[in-house]
Amino acid sequence: MTHGEVMAMVEEMGLPYAYHHFAEGESPEPPFLVFLYPEADNFSADGIVYFRINRLHIELYTDLKNPDLEESIEAVLLRYGIFYGKSETWIESEKLYEVLYGMEV
């Protein structure tokens, strides 16, 4: 999946988003998304990268738990045929929930 395709997919989720982070003081009101490629796990053959595999994180930030919103994001991922893992945490200092979707693209 190219970066352009990832951008189109994130756009379909219908929330404000940024790559990696919003600039200081420019974060929108929740809910919003941040996406990033924290690492690669490429497949090699004959000492070269034979197949590129980038890890993609899509982070959903909300001030209230919102299962319906999570389901709508997951529906987009499923439409793109993406297998994902999901975790959640409460960020006390920000008073926000973070739902992390991790996948390989």
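Preceding this section is the structure that the text describes.
Cut-offs applied
- Residues numbered from 1 in each chain as written.
- Predicted model: local features only at pLDDT ≥ 70, side-chain atom pairs only at ≥ 80, totals over all residues.
- Heavy atoms only, no water.
- Helix = DSSP H or I, 4+ residues; strand = E, 2+ residues; numbered from the N terminus.
- Pairing = 2+ DSSP bridges.
- Axes fitted to C-alpha atoms, helices over the stretch in contact; angles between N-to-C directions.

1. A word on unusual backbone geometry
Geometrically, the link from Pro-30 to Pro-31 is a cis peptide bond, its omega value of 5° lying close to zero. Mapped onto the fold, Pro-31 is located in the loop between strand E1 (17-19) and strand E2 (32-40). At His-20, a position not held by glycine, the phi torsion is positive, near 70°. With respect to the secondary-structure elements, His-20 resides in the loop between E1 and E2. The backbone of Lys-95 shows a phi angle near 55°, a positive value even though the residue is not glycine. With respect to the element layout, Lys-95 can be found in the loop between strand E6 (84-91) and strand E7 (96-104).

2. Considerations on the sheet that holds E7
Read from one edge to the other, the open sheet built from 5 strands follows the order E1-E2-E5-E7-E6, with strand pairing classed as mixed. Two strands bound the open sheet, and with one partner strand each, they are E1 and E6. The average angle at which neighbouring strand axes cross in this sheet is 20°, direction not considered. In this structure, E2 lies alongside strand E5 (residues 54-62), joined through 7 bridges in antiparallel fashion. Within E5, the residue paired with Ala-40 across the bridge is Asn-54.

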